[in-house]
Amino acid sequence: MQIDRKIAPESKTIDTFDLQPIETYELNNGIMVHLMQAGSQEVAKLDFLFPAGSVQATKPLIASITNKALTEGTTNCLGAEISEKIDFFGAFIGQQASFHHSIVTLVTLSHFLPQTLEILEDIIKNPVFKQKEIDTLLSSRKQEYLIESDKVKTIATRAFTQNIYGKAHPYGNYVTIEDFDKITREEIIEFHQQSYIPKGTHIIVSGQPGNHLKALLNKHFGQQWSNSNGLADHQPEPQANIKTNIFLPKDDAVQSAIKIGRPLFNKEHPDFHGLQILNTVLGGYFGSRLMTNIREEKGLTYGISSFIMTYKHAGFLVVGTDVKAENRDLAVKEIFNELKKLRDETISSEELELVRNFLIGDMTRNFDGPFATSDNYRGLIDLGLTPDYFHQFFNVLLKITAEEINALAKKYLREEDFITVIAGK
Amino acid sequence: MINIEKRTLANGLRVVVHVDKSTPLAAVNILYNVGSKNEQADKTGFAHLFEHLMFGGSKNIPSYDSPLQMVGGDNNAWTNCDITNYYLTLPAANIETGFWLESDRMLELDFSEESLEVQRKVVIEEFKQHYLNQPYGDIPLLVSPLAYKVHPYQWPTIGKDISHIENATLDDVKSFFYSHYAPNNAVMCVSGNVDPDKIFVLAEKWFGDIPHRTIADSNIAVEPKQTEERKLEVERNVPADMINKVFHIGGRTDDDFCTVDLLSDILSNGPSSRLIQSLVKDQQLFSEVNAYISGDHHPGLFTVTGRLLPDTKMDQAELAIQNELDQICNQTIVDYELQKVKNKVESTLVFSEISFLNKAMNLASFELLGQAEDINYEVEKYQAVSAQNIRDCAQSTFRSTNCSTLYYRSNQ
C-alpha cells in the first residue's frame with residue numbers, strides 16, 4: 001500500500017462538550033451531596049469539603065495542622081489503629097487544606113464503603129488532637145517549610161503573592177518559622193469545633209458507590225452534630241504599595257527563578273474565559289509562544305509556562321521559568337517581547353484553530369471519567385460556582401475571534417501592569 | 001480482567017490493543033527497548049537527550065506537536081534506565097493522526113544540527129533544575145555509582161556529567177537512532193474507544209513498510225556480587241540530614257519480584273506501615289521515611305531512606321532503621337499483616353485501571369518483558385507469596401555486605 005506521508009490523515013473537529021450528569025441532593029441536616037455515578041470499576045471517591053480553610057482560620061498553619069491531625073486519633077481509636085484499618089481495606093485517605101475549605105478524601109473499593117465511611121465519621125467528628133501528635137506534625141511541617149524555602153522557585157512565588165495580597169491575608173502565603181511555635185492545641189480544638197460542621201459542607205461522590213449511598217451518608221453524616229454557624233470569610237485588603245521589581249539574591253543558586261505576572265480578578269469576571277484562551281496562546285501548552293521562543297528556539301530553559309490562578313475573591317496571571325544567571329536578562333526581555341507581540345499583532349487563523357482544537361481536546365481529557373470530572377467540579381464548589389461555568393467556557397472557546405484575543409491582550413497584557421520577581425543570581 | 005488483542009507485523013513491531021468504551025478518547029503508547037543502560041560510559045545521558053530530539057520533526061513531517069494539537073491531541077515521553085516511552089492521547093475519531101506521526105518518526109528523524117544544538121541546552125538546564133538546583137537533588141548522582149561499579153545503572157538517566165551532553169554530535173545521534181529505534185525493538189499499545197480490527201489495519205498501513213533494523217548488541221556487563229559494606233558521606237547546604245541505604249535485589253522478571261515488592265510495602269506503604277509507625281510516629285526520629293524498589297529490568301536496588309528531625313543523630317537514625325530491618329529478618333510476619341499489604345496491591349491495581357492511558361503504558365511494558373496477558377495474573381502472583389518467603393527475602397537482602405549507605409549531612 002503506497003501512502004503519502006507528507007499529507008495528514010483526515011480528522012474531525014469536536015464541537016460538542018458533554019459533561020457527565022451531576023445529581024445533587026441534601027442530607028437530613030442540609031449537607032449538599034453532588035454525585036457523579038459513572039465508570040466501569042467498583043470503586044468510589046468521596047471528597048468532603050468543610051468550611052475550614054486558611055481564610056476562616058485566625059492565624060497561619062491552624063487550618064492545615066487541624067486537617068492533618070484528624071487521622072491521628074479519636075476518642076474511640078488510636079491513630080495507629082485508624083491507619084491499620086484503612087490500609088487493611090486497601091483504601092486511601094487524603095487530607096488537604098485550601099484557602100476556603102479543608103478537604104478530606106476517601107478512595108475505596110465500593111464494597112468496603114460501609115466500613116470505611118464508619119471510620120471516616122469517627123475521624124471527622126471525634127478527633128482528640130493529642131499534643132504529641134500535634135508536635136510530630138509541626139516538626140515535620142517545619143522541616144518541609146525550611147526545605148521549600150531553599151528553592152528559588154518557592155522564594156519567588158511567595159514574594160510575588162505577598163507583594164500583591166499583603167502579609168495579613170492567607171492569599172499572600174506569608175508564613176514565618178516562628179509561626180510553627182505559636183500553635184496551641186486549644187486553638188486547634190476550637191477551630192475544629194467551629195468549622196468541621198454540617199453547615200456549608202459539601203460531599204462530592206464519584207465512581208460506582210452503589211445503591212445505598214444516600215442511606216449510608218445519612219447514617220454517618222446526616223445528623224445535626226454541631227450547631228456552629230461557621231467562621232467568617234474575609235477578602236484581602238487592597239495593597240497600597242505594590243512593587244514592580246523584586247530581586248531576592250541567593251548566592252549558591254545554580255539557576256534563577258523568574259516570575260512575571262499581574263493581579264487579576266476571579267472566574268466570574270466577563271473577560272475571564274477569553275483570558276484563559278489568550279493565556280494558552282502565551283504560555284499554556286507545549287506549543288505556546290513562550291515555549292517556542294524561549295525553550296525550542298533559544299534553549300534558555302527546560303520549561304516556561306504561564307497560568308492564571310484564581311481564588312474565590314481574586315486571581316493573577318503569572319509567567320514562570322528557571323534559567324541560568326547569564327540568561328536571566330535575555331529571558332526577561334523575551335517574556336516582555338511576547339506580551340508586546342500579542343498586543344501589537346493579531347494571531348493567525350491557523351494558530352487560533354490550533355489553540356482552539358487543543359483546548360477542546362484538553363477539556364475532553366479533563367472530564368474523562370468520573371474521578372477527573374469530580375476533581376474539576378470540586379474546584380468550582382470551592383469557588384462557589386456551578387457547572388454552567390464549563391459550558392460557558394466551551395461556548396466562548398468555539399466562537400472567540402483573533403480580534404477579540406488581541407483586544408484582551410491590549411487590555412490585560414500591558415507592560416506597566418506587570419510585576420517582575422527574580423530569586424537567585 | 002483487561003481485554004487484550006495483539007498482532008506482530010512482518011517487520012517485528014508488536015501491536016497490542018485494549019478496548020475501553022467508557023472514554024471518548026484513545027491512547028497510542030510506543031515503547032522503545034532502549035534506556036540509559038544501553039549507553040557507553042563516555043556518552044551517558046544519550047537515551048534521554050535522544051527522547052528530546054524525537055520531537056524535533058521527522059522525515060516527512062516538520063513538526064510533531066502542531067498536527068497533534070490541531071486534532072485535539074496531547075503527548076509526552078519519559079526515559080529511564082531500561083526504556084524510552086512515548087505516549088499521546090486524542091479524540092478516538094482522530095486516531096489515525098497518531099499513527100501518521102508515530103510511524104514517520106520511527107521511519108526516520110529529521111536529523112538537524114540546529115535541533116541538536118537547542119536540545120543540548122534544554123537538557124543541560126533540565127539537569128541543573130532537577131539535580132543541581134534542588135535541595136537533595138544530587139542524591140541519585142551519588143548513590144548509583146556507590147552501588148554499581150560495573151553495570152551501566154551506575155549513571156542516572158540524565159547522565160553522569162553535563163560534558164557528555166555538551167559533546168554529543170549529530171553522528172552520535174544518527175547511529176543511536178539506527179541501532180535502537182526500529183519496529184523490531186518497539187512495542188505499540190493502543191487503548192481506549194477503538195476497534196481492534198481497524199487498529200491492525202492502520203498499523204499495517206502506517207508501520208508495515210518501516211524496515212526491520214539490526215539492533216546494536218549492547219554487551220551490558222553484569223554487576224559482580226557486592227562483598228563489602230560501602231559508605232559515603234557528604235555535606236551540603238540543606239536544612240536537614242538524610243540517610244539513604246540501598247541493597248542489591250533481583251530484576252523485574254525474577255521469581256521473587258512480588259516478594260521483594262511486598263517486603264517494601266510492609267516497611268513503608270501506607271500510614272500503618274512499620275517504618276512510618278515506628279520511626280516517624282512512635283520514636284519521632286524522622287520527619288519522613290520511605291522504602292521502595294527500583295523495578296529495573298536488570299538486577300536493581302531496594303532503597304530505605306529517611307530525613308532526620310533536628311534532634312536525631314545520624315548513628316541513632318541508622319541504628320533505628322537497622323532495628324526495623326533486623327526485626328523483619330528475625331520474626332516471621334503474621335498473616336494479618338501480609339494480607340493487609342496484599343489487599344493494598346489489589347486495590348491499587350483496580351484504581352490504576354481507571355485510566356486508559358495507564359493501561360496502555362502497563363500493557364506495553366508487560367509485552368516487552370514477556371507477554372501483555374501477564375498483567376491479568378499479577379494479583380495471583382502477589383497472593384501466592386508466603387510469610388516465610390518474605391522472611392527469606394529480607395534475610396538475603398538486608399545484609400551489611402549487600403548495602404551501600406549515603407550519609408547526607410546538613411551544614412546549616
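Residues numbered from 1 in each chain as written. Chains lettered and ligands numbered in written order. Predicted model: local features only at pLDDT ≥ 70, side-chain atom pairs only at ≥ 80, totals over all residues.

## Thoughts on the overall build of chain A
Under the convention used in this document: Secondary structure is summarised from DSSP: a helix means a run of H or I of at least four residues, a strand means a run of E of at least two, and numbering begins at the N terminus for each. Atoms considered for the radius of gyration are the C-alpha atoms alone. The globule rule reads 2.2 Å times the number of residues to the power 0.38. Counting other C-beta atoms within 10 Å of its own, a residue is labelled buried from 20 upward, exposed at 12 or fewer, and partly exposed in the gap between, with every C-beta atom placed from the backbone. Two residues qualify as a contact pair if the distance between their C-beta atoms, derived from the backbone, is within 7 Å.
Assigned secondary structure in chain A consists of 14 helices and 11 strands. Taken over the C-alpha trace, chain A has a radius of gyration of 24 Å; the compact-globule value for 425 residues is 22 Å, and the two agree within 12%. Viewed in the frame of its principal axes, chain A has a C-alpha envelope of about 65 × 60 × 40 Å. Here chain A holds 425 residues, and 43% of them are scored as buried. Excluding contacts between residues fewer than 6 apart, the proportion of contacts in chain A whose partners are at least 24 apart in sequence is 81%.

## Concerning the sheet that holds strand β10 (residues 315–323) of chain A
Residues and elements named next belong to chain A. What counts is decided by this rule: Strand pairing requires that DSSP identify at least two bridges connecting the strands. Here an angle of 0 to 180 degrees is reported between the N-to-C directions of two axes, which are lines fitted to C-alpha atoms, with helices fitted over the stretch in contact.
The 5 strands lie next to each other as β7-β11-β8-β10-β9, forming an open sheet whose pairing is mixed. Two strands lie at the open edges of the sheet, namely β7 (245–249) and β9 (304–310), each paired on one side alone. With direction set aside, neighbouring strand axes in the sheet form an average angle of 15 degrees. Pairing of strand β8 (residues 256–264) with β10 involves 9 bridges; the strand directions are antiparallel. Across the sheet, residue Ile260 finds its bridge partner in β10, namely Val319.

## Some remarks on the interface of chain A and chain B
Inclusion rule: Under the scheme applied here, ten amino acids are nonpolar (Ala, Val, Leu, Ile, Met, Phe, Trp, Tyr, Cys and Pro), four are charged (Asp, Glu, Lys and Arg), and all others, including Gly, are polar.
Each partner contributes residues to the interface: chain A has 60 residues there, and chain B has 58 residues. Those elements giving two or more residues to the side of chain A that touches chain B turn out to be α2 (79–88), β5 (102–109), α4 (131–149), α9 (289–297), β10 and α11 (349–366) of chain A. For the side of chain A that touches chain B, the per-class residue count stands at 24 nonpolar, 19 polar and 17 charged.

## Side note on unusual backbone geometry
Despite not being glycine, A:Phe129 shows a phi value in the positive range, around 50 degrees. The topology assignment puts A:Phe129 in the loop between α3 (113–125) and α4. With 19 C-beta atoms counted inside 10 Å, the residue A:Phe129 sits in the partly exposed group. Positive phi, normally seen in glycine, also occurs at B:Tyr136, with a value near 70 degrees. Mapped onto the secondary structure, B:Tyr136 falls in the loop between α4 (113–132) and α5 (139–147).

## Side note on the nonpolar core
Residues and elements named next belong to chain B. Worth spelling out the cut-off: Here a nonpolar core is just a set of buried residues of the types Ala, Val, Leu, Ile, Met, Phe, Trp, Tyr and Cys, joined wherever their C-beta atoms sit within 7 Å.
Judged by nonpolar contacts, the single largest core of 119 residues is most densely connected at Met188 and Val190. Those residues within four positions of Val190 in sequence are excluded, and the remaining contacts are Val17, Ala26, Ala27, Val28, Ile199 and Ala360. Residues Ile249, Leu263, Leu279 and Val385 belong to the second largest nonpolar core, which totals 50 residues.

## Describing the packing of helix α8 (residues 272–283) of chain A against helix α14 (residues 402–412) of chain A
The description of two packed helices rests on the angle between their axes and on the distance between the axes. Residues and elements named next belong to chain A. Operational definition: To sort the angles, those under 35 degrees are grouped as roughly parallel, those over 145 as roughly antiparallel, those from 65 to 115 as roughly perpendicular, and the leftovers as oblique.
At a minimum axis separation of 10 Å, α8 and α14 run at an interaxial angle of 90 degrees. By the angle between their axes, α8 is roughly perpendicular relative to α14. Within the contact between the two elements, α8 uses Gly274, Leu275, Ile277, Leu278 and Val281 and α14 uses Glu404, Ile405, Leu408, Ala409 and Tyr412. Classifying every residue of the contact of α8 with α14 by side-chain character gives 8 nonpolar, 1 polar and 1 charged.

## Quick notes on helix α15 (residues 387–397) of chain B
Residue and element names in this part refer to chain B. Rule in force here: The directions considered for the arc run from the helix axis to the C-beta atoms.
Here α15 has its buried residues at Ile390, Cys393, Ala394 and Thr397. Here the buried residues of α15 occupy an arc of 100 degrees about the axis, which is enough to place them on one side. Of the residues in α15, the exposed ones pointing more than 90 degrees away from the buried face are Gln388 and Gln395. Where α15 is buried, its residues meet β8 (242–248), α9 (257–268), β10 (301–308), α11 (314–330) and α12 (335–352).

## Remarks on the domain arrangement of chain B
Interfaces are often described in size by the accessible area the parts lose on coming together. All names here are of chain B. Where we set the bar: Where each domain starts and ends follows an automatic or database-derived domain assignment.
Each assigned domain of chain B is listed with its residue range as follows: domain 1 (5–207) and domain 2 (230–410). Of note, the centres of domain 1 and domain 2, computed from C-alpha atoms alone, are 28 Å apart. Facing 31 residues of domain 1, the contacting portion of domain 2 comprises 26 residues. Contributing elements (two or more residues each) for the side of domain 1 that touches domain 2: β2 (14–19), β3 (25–32), β5 (84–91), α5 and β6 (186–192). Residue classes in the side of domain 1 that touches domain 2 are distributed as 17 nonpolar, 9 polar and 5 charged.

## Brief notes about the domain arrangement of chain A
Residues and elements named next belong to chain A. Annotation of chain A at the domain level lists domain 1 (23–221) and domain 2 (245–424). The gap between the C-alpha centroids of domain 1 and domain 2 is 30 Å. The interface is formed by 25 residues belonging to domain 1 together with 30 residues belonging to domain 2. Only β2 (32–37), β3 (43–50), α5 (152–165) and β6 (202–207) provide two or more residues apiece to the side of domain 1 that touches domain 2. It is α5 that provides the largest number of residues to the side of domain 1 that touches domain 2, a total of 9 residues.

## Topic: the sheet that holds β5(A)
Residue and element names in this part refer to chain A. Taken together, the 6 strands give an open sheet; going across it, the order is β1-β2-β6-β3-β5-β4, and neighbouring strands pair in mixed fashion. Of all the strands in the sheet, the pair left with one neighbour each is β1 (23–26) and β4 (92–97). Pairwise comparison of adjacent strand axes, ignoring direction, gives a mean angle of 15 degrees for this sheet. Judged from the 6 bridges that link them, β4 and β5 form a sheet pairing that is antiparallel. Bridge pairing in β5 links Ala97 to Ser102. In this fold helix α12 (residues 370–383) packs onto β2, β3 and β6, with an angle of close to 165 degrees to the strand it touches most, β6.

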